[in-house]
Amino acid sequence: MPDRRDFLMTLGMAGAMPAVLGAASAVPAPLQRALVLSGGGALGAYAAGIVGCLATAAGIKDGTALPPYELVCGTSIGALNGWFVATGQHTKLHDLWYGVSAEHILQLKPQFAALREPESGAGDRLAAKMRMASLTKDQTAFFDSKPILDWASRHLDPERPLVMPFVWVTTNLTMQRPEYFYMRPPNAPSELRDEIVRSLQVVLGPQTVVREASADLFHKQIFASFAVPLLWDPVQMPGPDGALNQYCDGGIAANSPVSIAHAVSAGADVVLLNPPLEEIPYYENAIEVSAGTFATMQQKILSSDMRGVYFQSEAKRSLLRLSSSQLAIVTQGSPELAAYIRSVPATELTYIRPKKKLPVGGAAFDDEQGIGEAYRIGWNDAIAGFTPYDWKTFES
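The rules behind these values
- Residues numbered from 1 in each chain as written.
- Predicted model: local features only at pLDDT ≥ 70, side-chain atom pairs only at ≥ 80, totals over all residues.
- Heavy atoms only, no water.
- Helix = DSSP H or I, 4+ residues; strand = E, 2+ residues; numbered from the N terminus.
- Contact = heavy atoms within 4.5 Å.
- Areas by Shrake-Rupley, 256 points an atom, 1.4 Å probe, with all protein chains shown as cover.
- Expected span 1.5 Å × (residues − 1).
- Buried < 20%, exposed > 50% of the residue type's maximum accessible area, 1.4 Å probe, protein only.
- Arc of directions from axis to C-beta.
- Salt bridge = Lys/Arg side-chain N within 4 Å of Asp/Glu carboxyl O.
- Lys, Arg positive; Asp, Glu negative; His and termini not counted.
- Pairing = 2+ DSSP bridges.
- Core = buried A, V, L, I, M, F, W, Y, C linked by side-chain atoms within 4.5 Å.

Novice: Before we move on, can you summarise the overall build of the chain with the specific residues and values?
Specialist: Along the backbone of the chain there are 14 helices and 12 strands. Residue pairs at least 24 apart in sequence account for 78% of intrachain contacts in the chain once pairs closer than 6 positions are excluded. For the chain, the exposed area adds up to about 18,800 Å²; of that, 55% sits on carbon and sulfur atoms.

Written as structure tokens, this is what we have:
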């Protein structure tokens, strides 16, 4: 009976020498490195600071790909940050964050506005609280989606050419599954679409839905990635079959989309927006309980994804040390395993994260000072560099 290490190796195999398996010409070389940008609302200022520092250190101009990356992938606010990286708009990303507090993108729906208006009378606040009960009947969120969609339309031009491929995550509530959108540079090889789809379906499962973004729905497709439940209404847009589906925050499925990078690249630098978990001794109300539940789910997914990528990659490196005959024995009688092995890179995994809680709340897009401080912390942390992932010491 094989020991635990052999068992993990068999389950976690993530690639081998294509020539040994007789399919070298069918397997494209992996990208060398991908940048992974996590979700976290206004905490995304921290990631923007990291990008700004990396761009400055590299001495690149706007319109140039951020070295050493060949792909950027993101979720929620990481999808928005990722689009600016993918289009080489490093200066605009800085300006966007330093100006967002004046944009008023978080606006309560009129029926809930009295909840936080200091000049509202007791009667108005009571009426607003009574309307909150309608969330169980005919309302699905507190905030108006139009201001943030208008903001996205002003700052994100879907016709702007990309300088590197870009993939982001949404959650299809109608079908109860994650879906992945991608965009590609105008000079990208024609087979890039098929390579992205194939690679993601190998790593994430053959039923994984991967769709190319469209210019006419681009703003909705981006907004859907950070439409947090209860904060914004689900985004209604056509699903893969053209029928109208409801979409929301991609962070439900993959707040830090490490598996996307693993599917296509030999290295992944992951930007996290929260420090290692801090204990919360007591939850004051139902909203805090819901937020804590959501955070716990995200932490568990992150831990599992990071550990999965690590062990799959370690398994592949072990396979590369085997002889041709030993590799043949491993894959004998299992064409599916052979295809999986030759398709997925062994990914070097590193990460960067704040050392302590950032001085801005996730929904505090109007906090100019906190956003500026988070940006500067990200800049300084980028100088220190990324940390190699170690599954024994990593805290989600």
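Right, picking up where we left off after that structure.
Novice: Can you explain unusual backbone geometry? Please cite residues and give values.
Specialist: In this model, Pro-67 is joined to Pro-68 through a cis peptide bond whose omega is 5°. Structurally, Pro-68 can be placed in the loop between α2 (44–58) and β2 (71–75). In the Ramachandran plot, Ser-76 falls in the positive-phi region, its phi being about 60° despite a non-glycine side chain. With respect to the element layout, Ser-76 can be found in the loop between β2 and α3 (77–86). One non-glycine residue, Leu-230, adopts positive backbone phi at about 80°.

Novice: Can you explain helix α7 (residues 192–204)? Please cite residues and give values.
Specialist: Over its 13 residues, α7 extends 18 Å from the first C-alpha to the last, a length consistent with the 18 Å expected when each residue adds 1.5 Å. Of all the positions in α7, only Leu-192, Ile-196, Val-197, Ser-199, Leu-200 and Val-203 are classed as buried. Summarising the axial view, the buried residues of α7 lie within an arc of 170°, below the 170-degree limit, and thus occupy one face. A positive backbone phi angle near 120° is found at Gly-205, which sits one or two residues after α7.

Novice: I'd like to hear about the pattern of salt bridges, residue by residue, with values.
Specialist: One pass over the structure, following the stated rule, counts 11 salt bridges. Of the charged contacts, one joins Arg-33 and Glu-348 as a salt bridge, the two residues approaching to 3.0 Å between their closest N and O atoms. Linking Arg-33 in the loop between α1 (4–12) and β1 (34–37) with Glu-348 in strand β11 (residues 348–352), this pair joins segments that are 315 residues apart in sequence. Judged by its relative accessible area of 14%, Arg-33 is buried. The shortest N-O distance in the salt bridge between Arg-211 and Glu-179 comes to 3.3 Å. Taken together, the residues Arg-211 in strand β6 (residues 209–212) and Glu-179 in strand β5 (residues 177–183) connect sequence positions 32 residues apart. Judged by its relative accessible area of 0%, Glu-179 falls in the buried class. Taken together, the shared-partner salt bridges connect Arg-33, Asp-269 and Glu-348 into one network.

Novice: Describe in detail the environment of Ile-196, supporting the description with residues and values.
Specialist: Within the secondary structure, Ile-196 is located in helix α7. According to the relative accessible area criterion, Ile-196 is buried, its value standing at 7%. Along the sequence, Ile-196 and Tyr-182 sit 14 residues apart, while their C-alpha atoms lie 8.6 Å from each other. Those residues in contact with Ile-196 that sit more than four places away from it in its chain are Tyr-182 and Val-210.

Novice: Now, about the side chain of Asp-249: what can you tell me, with residues and values included?
Specialist: Structurally, Asp-249 can be placed in strand β9 (residues 244–249). Of the buried charged residues, Asp-249 lacks a salt bridge, with Arg-211 as the closest side chain of opposite charge at 16 Å. Ignoring anything within four residues of it in the chain, the contact list for Asp-249 reads Thr-75, Ser-76, Thr-171, Ala-224, Ser-225, Phe-226, Ala-227, Val-228, Pro-229 and Phe-294.

Novice: Explain the pairing of strand β10 (residues 267–271) to me, using residue names and the numbers behind them.
Specialist: Of all five residues making up β10, five are buried, and the element is well covered by its neighbours. Taking every second residue as pointing to the same face, both faces of β10 are buried, with Gly-267, Asp-269 and Val-271 on one and Ala-268 and Val-270 on the other. Pairing of β1 with β10, which is carried by four bridges, proceeds in the parallel orientation. Among the inter-strand pairings, Val-36 is bridged to a residue of β10, identified as Val-270. Pairing of β10 with β11 involves five bridges; the strand directions are parallel. Paired with Val-270 across the bridge in β11 is Tyr-351.

Novice: An account of the nonpolar core is needed here, citing residue identities and associated values.
Specialist: Ranked by size, the top nonpolar core spans 64 residues in total, and within it Leu-35, Leu-66, Trp-97, Phe-166, Trp-168 and Val-271 carry the most contacts. No other element matches α2, which puts nine residues into this core. For Val-271, the residues in contact, after removing those within four places along its chain, are Leu-35, Val-36, Leu-37, Ser-38, Tyr-46, Ala-47, Ile-50, Ile-352 and Phe-386.

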